[in-house]
Amino acid sequence: MPRVSQDHMDARRRQILAGARRCFAEYGFEGATVRRLEDATGLSRGAIFHHFDDKDALFLALAHDDAEAMAATVAQQGLVQVMREILADPGEFSWLGTRLEIARRIRTDPTFRERWRDRQHEVDEALVARLREQKAAGRMRTDVPADVMRTYLEVVLDGLINHLATGRGTAHVSAMLDLVEDSLRTGRD
């Protein structure tokens with residue numbers, strides 16, 4: 001049997017994740033049946049589950065990738081910038097559907113909630129580190145603890161995702177993000 005290169009395996013994994021992301025975003029976790037996953041990825045169930053133990057592992061891999069990407073952006077540019085990028089092109093952020101599904105599963109599935117905790121911790125750590133860095137540089141308020149600011153920004157992000165997911169439009173959202181940013185800054189920029 002011929003050996004498949006690591007590059008081929010990595011490309012196949014990315015193909016599966018891209019198709020699965022679209023499928024989960026469109027149908028939710030329960031509605032993303034194996035047949036729909038096959039259609040979305042263009043691969044057989046054998047090929048899909050050669051890379052992932054089950055549908056739950058596939059979904060968690062997507063959630064993990066999203067958490068890593070978000071943590072990297074937050075560490076470099078902050079969470080408000082993530083929100084501005086979402087606002088600039090909501091269709092580009094197919095993980096919006098994944099994020100909504102994560103919220104639902106955290107609420108309804110104790111096993112998933114436990115498995116997700118580490119992924120969320122990555123984003124939380126990046127955000128708190130960014131806030132502390134900005135405080136040390138004199139660009140952020142120092143009268144509010146970093147964990148309170150983190151919670152504030154996460155609630156705003158969740159609200160933005162819900163706002164966009166329910167089709168309520170983008171009017172005034174950019175100005176709202178300015179307000180959020182202004183509420184955290186020292187005014188010395």
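Please refer to the structure placed before this passage.
First, a word on scope: everything that follows refers to the structure included in this document.

Rules used in this analysis
- Residues numbered from 1 in each chain as written.
- Predicted model: local features only at pLDDT ≥ 70, side-chain atom pairs only at ≥ 80, totals over all residues.
- Heavy atoms only, no water.
- Core = buried A, V, L, I, M, F, W, Y, C linked by side-chain atoms within 4.5 Å.
- Buried < 20%, exposed > 50% of the residue type's maximum accessible area, 1.4 Å probe, protein only.
- Helix = DSSP H or I, 4+ residues; strand = E, 2+ residues; numbered from the N terminus.
- Contact = heavy atoms within 4.5 Å.
- 1 Å grid on protein atoms, 1.4 Å probe; cavity = no way out; pocket = protein on both sides within 12 Å on 5 of 7 lines; lining within 4 Å.
- Points joined across faces, edges and corners; volume = space filled by probe spheres on them.
- Nonpolar A, V, L, I, M, F, W, Y, C, P; charged D, E, K, R; others polar.
- Axes fitted to C-alpha atoms, helices over the stretch in contact; angles between N-to-C directions.
- Parallel < 35°, antiparallel > 145°, perpendicular 65-115°, else oblique.
- Phe/Tyr/Trp six-rings, centres within 6.5 Å; stacked < 30°, edge-to-face > 60°.
- Lys NZ or Arg CZ within 6 Å of the ring centre and 35° of its normal.

**Some words on the nonpolar core**
Here is step 1 of the chain: Judged by nonpolar contacts, the single largest core of 51 residues is most densely connected at Phe24, Leu58, Leu79, Met83 and Leu153.
Here is step 2 of the chain: Those elements giving two or more residues to this core turn out to be helix H1 (6-31), helix H3 (45-51), helix H4 (55-77), helix H5 (79-88), helix H6 (95-108), helix H7 (110-136), helix H8 (146-165) and helix H9 (173-184).
Here is step 3 of the chain: A per-element tally of this core places H4 first, with ten residues.
Here is step 4 of the chain: Each residue touching leucine 58, except ones within four places of it in the same chain, is listed here: Ile16, Leu17, Ala20, Phe24, Leu37, Ile48 and Phe52.

**Overview of the layout of surface pockets**
Empty space among the atoms becomes visible once a probe the size of a water molecule is rolled across them.
Here is step 1 of the chain: Roughly 560 Å³ of volume is contained in the largest pocket.
Here is step 2 of the chain: As for the largest pocket, its lining consists of 26 residues, of which Met70, Arg99, Ile102, Trp116 and Gln120 are closest to the centre.
Here is step 3 of the chain: When residues of the lining of the largest pocket are traced back to their parent elements, those giving at least two are H4, H5, H6, H7 and H8.
Here is step 4 of the chain: Residues of the lining of the largest pocket, tallied by class, amount to 14 nonpolar, four polar and eight charged.

**A closer look at the packing of H5 against H8**
Here is step 1 of the chain: Across the interface, H5 lies against H8 with an axial gap of 10 Å and an inter-helix angle of 5°. The pairing of H5 with H8 is recorded here as roughly parallel in orientation. On H8, the residues touching Leu79, Val80, Met83 and Ile86 of H5 are Leu153, Glu154, Val156, Leu157, Leu160 and Leu164.
Here is step 2 of the chain: Tallied by class, residues from the contact of H5 with H8 come to nine nonpolar, no polar and one charged.

**So, the environment of alanine 63**
Here is step 1 of the chain: Inspection of the secondary structure assignment puts alanine 63 in helix H4.
Here is step 2 of the chain: Residue class for alanine 63 comes out buried when judged on its relative accessible area of 0%.
Here is step 3 of the chain: With 69 residues separating them in the primary sequence, alanine 63 and arginine 132 have C-alpha atoms 26 Å apart.
Here is step 4 of the chain: When near neighbours in sequence (up to four residues on either side) are disregarded, alanine 63 contacts Ile102 and Trp116.

**Thoughts on the packing of aromatic side chains**
Here is step 1 of the chain: Enumeration over the complete set of coordinates arrives at five aromatic pairs.
Here is step 2 of the chain: Between phenylalanine 24 and phenylalanine 29 the ring centres are 5.8 Å apart and the planes differ by 10°, which places this aromatic pair in the stacked class.
Here is step 3 of the chain: Given a relative accessible area of 1%, phenylalanine 24 falls into the buried group.
Here is step 4 of the chain: Plain terms: the ring middles of phenylalanine 29 and phenylalanine 59 are 5.6 Å apart, the flat faces sit at 75° to each other, and that makes the pair edge-to-face. Linking phenylalanine 29 in helix H1 with phenylalanine 59 in helix H4, this pair joins segments that are 30 residues apart in sequence. There is no split in this pair, since phenylalanine 29 and phenylalanine 59 are both buried.
Here is step 5 of the chain: By the ring-pair criterion, three or more aromatic residues cluster together here, those being Phe24, Phe29, Phe59, Phe112 and Trp116.
Here is step 6 of the chain: One cation-aromatic arrangement involves arginine 36 over tyrosine 27; the distance from NZ or CZ to the ring centre is 3.8 Å.
Here is step 7 of the chain: Looking at arginine 105, its charged tip hangs above the ring of phenylalanine 29, at a distance of 3.9 Å from the centre.

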